[in-house]
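Examining the three-dimensional arrangement
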Amino acid sequence: MTQHIKRHIYVVFIICIPYGIIAQETVQKNSVLEILTSLEKEYDIQFNYAVEDLEGVVVIPLSRKRTLEESISYLQKETGLTYTKIGEHIYYITKTEIYTRICGYLRDIETQKPIVGATLKTLNNIIVTDDTGYFELLENNKQAIVEINHIGYRNIKRQATFFKNVNCGIIQMYPDEISLSKVILTSYIVKGIDKKSNGSTQIDFSRFSILPGLIETDVLQSVQALPGIISVDETISNINIRGGSNDQNLLLWDDIKMYQSGHFFGLISGFNPQITNTVSIIKNGTNTAYTDGVSGTIAMQTETEVATDFHASLGANLLSVDAFVDLPFSDKSSVQVGVRKSLNDLVTTPTYIAFFDRITQETEVQDNDIAILNTNQNFDFYDTSLRWLYKISNKDRIRLNFINIQNELSFNEITNVDSVLETRESSLSQNSIAGGIFYERIWNDFFKTNIHIYETDYTLRGFNANLLASQRFLQENVVSETGIKLETAYKWTSSLSLHSGYHVVETEITNLNDIDEPLFRELRSDVVRTHGVFSQLAYTSKDKNTQANIGGRFNYIDKFKKILIEPRLSINHQFWNYFSVEILGEFKHQNTSQFINFQNDFLGIERRRWQLANDDDIPVIESKQGSLGASYSRSGLLIDVDTYYKRIEGITTQSQAFQTKYEFTRTTGSYEALGIDVLVRKSYGKFNSWLSYSFIDNNYTFDALTEVTFPSNFDITHAFTFGTTYTIQNLKVALGVNWRTGKPTTGLISGAEVVNDEINFTDANSSNLDDYIRADFSALYQLKTNKRWRADIGFSIWNLTNNDNTIENFFRVDGTSNAQEFKRSALETTFNTVLRIHY
């Protein structure tokens, strides 16, 4: 009986199972929107949400009477939505962000050494690998593309989901088949500044930290943070690299030579910082592909990869407004456009007034004749930059560049002539327009070629209306240059590669002086064409500890039938994990220089004009330089020491900015510089501090002058810089102090200052201006509003203690036959602030 009953129970149970399953499957699910509406009525509450987040979301209705808290807990579990109480009766519903953890260790595939300082970028994040090669970030978009970049290695692109499988493991990076110089010292001064094995220093603005006094990534202000690079008059148009004059620097923008560097006639960089991605500074051991720049090379580069996402920014500071767009047309093509315009058309800020007063000191713009009134002083600047990339295939790519830089100054001169008020306008304009096309073909893993063609044009035009003399004086300085460069790179083995090419440059410079009363017109135009053949052998040891570049350049200047052979050398060796030594050397030449004929040329503001060598009284400038350096880097401490010797021949007195003795003397000579650059940097926690020191003994030799040998105008014997930065979350703060000995100058003989209405000077450059000291402060805060938008807010103080630093002096004989001294001062305390919005 019992067994019979059990059999019936089993049968009933088996029969009921499918009906139970069917019943469960047919349970009705309701829209979560309906359930929320019901809860709102029942509990007198309100739910706020984006309808598109809840559309299509369904749940099984509440099976029994529950409290409000139980109901919300149930819905949160079933829908995956986040319910946040933001008021007594209000709840906010959002999608729950699901983050993907992206982490791992980067290693060199050959040596298995950690890759330090590699950049990982997504749309929302940028991080850098630490000393062990480790990286970690959170990404809320599973489809996000992670780009991994490091100089000398192939780029890696992976979806965020890839890193789930890696599970914080090791990711191998492959060196470029045709290798570039590798980074040997990361965060050389601050994050984003690295020193490479070929002796150059690179600033990567995509991961740049902050420097004292700067809230914008001003390219040419930033390079002055490096030891051995200063500006004796605090401008970016007069940068002195190891005692050289500014015209001895080769300035490149995407390999286009530029003859104008700044806005405000040299106070700020003329290159839009939003479109400039990196800048390389080469003091010695220059690659054989480069010519010109006997003192150094400053090579700016835009982004080299096609953009995958749309980026834009809009910014404003107390001097200008700017906009930038990085627009992908497809996965093969993208364009970058940057524009910038001065603000003074809309508003005159204290910063603008300080800058304007600085450039017009002791010039006709500010201090005209007592009988003349200057009015309607107007100044304007703007620049436009464009770069287009097109990846034709995996082996071919094209780059187009265009840049336009403009400065304009005008003012009216009013005076009373025969009881009649007369008005005339004087003006000064400075403009650069340049463009280039670059094509690269990668034939295989071992061989690639490229061709680069550029045209650059520079015009400086001054119109001076002299009312008292009823005279009009027109001056022009025009440079037009065309360059073509063919390059090949061949990798023989994993250790050896050969870089060779041909380079031709044609430069035309025109100078005009035109006076209407008395009638005088002088127009001179010169053309020089230089052919160059270059080759450089690169060696990298198997352990990557030794890198050497040895090569030379054969130059032929057809106008002078002159041959110049220039050997180049750079060797770097790392040992004991923490030490490295380097040897650098080069011969170079250049055909152009900047002259000053008279201090009041071009209204006395931009007095320098470009001039071509004629192989006579204006020789081709030639240089020889050698240096020896050593560095130590461990546990956040970095010590770097460089000693150097350089000799430059073929300079003229007019190119050396004499303002006292020999101001009007014209002769040729040379200079020798012997110096040492030292940098000590220590990172500790959220702080980063550095101390740099430069010593130089820089002397002229002019056989035709009374004093054959005497100190150079750029002989800044001692220069110290101390700076520190503090970073906490999204806030960066920097404070720094610059001190250096005063610029050499020439005094007057006491008691006989003027003889026969001429200034009576002591020995040339036998004294110095007062020491220069300046303290700067800056702060930058990054505000992230959401995953697409962010804002940068910054504030800076230049010359925090308002030191009165004299940067120039000169003398004139006044109406009473006495010597009168004039001085120009550096910027007084100047504030600036910036607001930049990124998308």
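What comes next concerns the included structure. Computed from a predicted structure; not experimentally measured.

Brief notes about the overall build of the chain
Looking only at helices and strands, the chain has seven helices and 54 strands in total. Projected onto the principal axes, the alpha-carbon positions of the chain cover approximately 145 × 75 × 45 Å. Taking all 839 residues of the chain together, 52% fall into the buried category. Taking all contacts inside the chain whose residues are at least 6 apart in sequence as the whole, residues at least 24 apart take part in 64%. Total accessible area on the chain stands at roughly 37700 Å², and carbon and sulfur atoms take up 55% of it. Once the 78 positive and 100 negative side-chain charges of the chain are each reduced to a mean point, those two points are 12 Å apart.

A few points about the pairing of strand E45 (residues 731–740)
Both faces of the sheet carry side chains from a regular strand, because those side chains alternate between them. Here ten bridges tie strand E44 (residues 718–728) to E45, and the two strands are oriented antiparallel to one another. Considered in E45, the bridge of Ala719 is made with Arg740. A loop of two residues connects E44 with E45, the two strands running antiparallel in sequence, and Gln729 in this loop sits at a positive phi of about 55 degrees.

Some words on a nonpolar patch on the surface
On the surface, Ile437, Ile453, Ile484, Leu486, Tyr502, Val533, Phe554, Ile563 and Ile565 cluster together into a nonpolar patch covering about 760 Å² of accessible area. Looking at the nonpolar patch, the elements with two or more residues in it are strand E31 (471–491) and strand E35 (562–575).

Remarks on the packing of aromatic side chains
Summed over all chains, the structure comprises 36 aromatic pairs. Ring geometry for Phe264 versus Tyr352: centroids 5.7 Å apart, planes at 55 degrees, classification tilted. Taken together, the positions of Phe264 in the loop between strand E20 (262–263) and strand E21 (268–269) and Tyr352 in helix H7 (residues 350–359) put the pair 88 residues apart, joining distant regions of the chain. Like Tyr352, Phe264 is buried. In this structure an aromatic cluster arises from ring pairing among Phe264, Phe265, Tyr352, Phe355, Phe356, Phe379 and Phe381. Over the ring of Phe438 we find Arg399; its NZ or CZ atom is 4.6 Å from the centre of that ring.

What to know about unusual backbone geometry
Among all residues except glycine, the phi angle is most often negative; among peptide bonds, the trans geometry is most common. Look at the link from Glu517 to Pro518: it is a cis peptide, with omega at -5 degrees. As for its placement among the helices and strands, Pro518 is situated in the loop between strand E32 (496–516) and strand E33 (519–540). For Tyr662, which is not glycine, the phi torsion reads 70 degrees and is therefore positive. Position of Tyr662 among the secondary structure elements: in the loop between strand E40 (637–652) and strand E41 (668–684). Its identity is not glycine, yet Asp757 carries a phi of approximately 60 degrees, on the positive side. By the element assignment, Asp757 lies in the loop between strand E47 (754–755) and strand E48 (758–759). Judged by relative accessible area, which is 53%, Asp757 ranks as exposed.

As for the sheet that holds strand E4 (residues 81–85)
Here three strands make up an open sheet; going across it, the order is E2-E5-E4 and the pairing mixed. Two strands in the sheet have a free side with no partner beyond their single neighbour: strand E2 (46–48) and E4. The average angle at which neighbouring strand axes cross in this sheet is 30 degrees, direction not considered. Summarising the sheet, E2 and strand E5 (residues 90–95) pair through three bridges and their orientation is parallel.

Let's talk about the side chain of Ser245
Secondary-structure assignment places Ser245 in the loop between strand E17 (239–241) and strand E18 (249–253). Exposure remark for Ser245: the relative accessible area of 2% places this residue in the buried category. At 2.5 Å, the side chain of Ser245 and the side chain of Asp247 are in polar contact. When neighbours within four sequence positions are excluded, Ser245 is seen to be in contact with Ile239, Asn240, Ser655, Gln656 and Phe714.

Quick look at the pattern of salt bridges
Tallied over the entire structure, the rule returns 36 salt bridges. Here Asp194 makes a salt bridge to Arg207, at a shortest N to O gap of 2.1 Å. Here the residue Asp194 occupies a position in strand E14 (residues 193–196), and Arg207 occupies one in the loop between strand E15 (201–204) and helix H6 (219–222), the gap between them amounting to 13 residues. As far as the burial class goes, Asp194 and Arg207 line up, both buried. Note that Asp558 and Arg529 form a salt bridge whose closest N and O atoms lie 3.0 Å from each other. Of this pair, Asp558 sits in the loop between strand E34 (546–557) and E35 while Arg529 sits in strand E33, and the two are 29 residues apart along the sequence. One connected set of salt bridges, linked through shared partners, spans Lys195, Glu582, Asp640 and Asp642.

Some points on the sheet that holds E18
Taken in spatial order, the seven strands line up as E13-E14-E15-E22-E23-E18-E19 in an open sheet, and their pairing is mixed. The open sheet has two edge strands with one neighbour each: strand E13 (183–185) and strand E19 (256–257). Pairing between strand E22 (residues 278–282) and strand E23 (residues 296–301): five bridges, direction antiparallel. Across the sheet, Val279 pairs through a bridge with Met300, a residue of E23.

Examining the pairing of strand E30 (residues 447–466)
Bridge count between strand E29 (residues 420–442) and E30: 16 bridges; the pairing is antiparallel. The residue bridging Ile433 from the neighbouring strand is Asp457, located in E30. When E30 meets E31, the two strands line up antiparallel, connected through 20 bridges. Counted as the bridge partner of Tyr458 is Val479 from E31.

What about the nonpolar core?
Of all hydrophobic cores here, the largest spans 73 residues; its most connected members are Ile189, Met258, Phe264, Phe271 and Val279. Considering each element in turn, this core owes the most residues, five residues, to H7. Excluding residues that lie within four positions of it along the chain, Met258 makes contacts with Leu251, Trp253, Phe271, Ile403, Ile405, Ser432, Ala434 and Thr456. By size, the runner-up hydrophobic cluster in this structure holds 17 residues, among which are Leu106, Tyr153, Ile171 and Met173.

Thoughts on the side chain of Glu606
Relative to the helices and strands, Glu606 resides in the loop between strand E37 (592–595) and strand E38 (609–612). The exposure class assigned to Glu606 is buried, which follows from its relative accessible area of 5%. A polar contact is formed between the side chain of Glu606 and the side chain of Arg608, at a distance of 3.1 Å. Look past the residues within four positions of Glu606 in its chain and what remains in contact with it is Phe265, Leu428, Gln430, Leu460 and Asp601.

Re the packing of helix H2 (residues 32–43) against helix H4 (residues 68–79)
It is the contact of H2 with H4, at a shortest axis distance of 12 Å, that shows an interaxial angle of 170 degrees. The orientation of H2 relative to H4 falls into the category roughly antiparallel. H4 is crossed by H2, and the crossing has left-handed handedness. Across the interface between the two elements, Val32, Ile35, Leu36, Leu39 and Tyr43 from H2 touch Leu68, Ser71, Leu75 and Thr79 from H4. Looking at the contact of H2 with H4 residue by residue, the class counts come to seven nonpolar, two polar and no charged.

Description of the environment of Leu327
Tracing the backbone shows Leu327 in strand E25 (residues 320–330). Judged by relative accessible area, Leu327 falls into the partly exposed class, the value being 32%. C-alpha of Leu327 to C-alpha of Val116: the two residues are 211 residues apart in sequence and 30 Å apart in space. With sequence-adjacent residues up to four places away left out, Leu327 is seen in contact with Phe310, Ser334 and Val335.

What to know about the environment of Asn832
Within the secondary structure, Asn832 is located in strand E54 (residues 830–838). Between the C-alpha atom of Asn832 and that of Glu42, which follows or precedes it by 790 residues, the distance is 57 Å. If we ignore the near neighbours within four places in the chain, the residues touching Asn832 are Ile215, Asn317, Leu318, Thr351, Gly794, Phe795 and Ser796. At a separation of 3.0 Å, a polar atom in the side chain of Asn832 contacts the main-chain amide nitrogen of Leu318.

Rules behind the numbers
- Residues numbered from 1 in each chain as written.
- Predicted model: local features only at pLDDT ≥ 70, side-chain atom pairs only at ≥ 80, totals over all residues.
- Heavy atoms only, no water.
- Helix = DSSP H or I, 4+ residues; strand = E, 2+ residues; numbered from the N terminus.
- Buried < 20%, exposed > 50% of the residue type's maximum accessible area, 1.4 Å probe, protein only.
- Contact = heavy atoms within 4.5 Å.
- Areas by Shrake-Rupley, 256 points an atom, 1.4 Å probe, with all protein chains shown as cover.
- Lys, Arg positive; Asp, Glu negative; His and termini not counted.
- Charge placed at Lys NZ, Arg CZ, Asp CG, Glu CD.
- Pairing = 2+ DSSP bridges.
- Patch = residues over 30% accessible without salt bridge, like charges linked within 9 Å, V, L, I, M, F, W, Y side chains within 5 Å.
- Salt bridge = Lys/Arg side-chain N within 4 Å of Asp/Glu carboxyl O.
- Phe/Tyr/Trp six-rings, centres within 6.5 Å; stacked < 30°, edge-to-face > 60°.
- Lys NZ or Arg CZ within 6 Å of the ring centre and 35° of its normal.
- Axes fitted to C-alpha atoms, helices over the stretch in contact; angles between N-to-C directions.
- Polar contact = N/O pair within 3.5 Å; in protein donor to acceptor, adjacent residues only side chain to side chain.
- Core = buried A, V, L, I, M, F, W, Y, C linked by side-chain atoms within 4.5 Å.
- Parallel < 35°, antiparallel > 145°, perpendicular 65-115°, else oblique.
- Left-handed = near helix turned anticlockwise from the far one by under 90°.
- Nonpolar A, V, L, I, M, F, W, Y, C, P; charged D, E, K, R; others polar.

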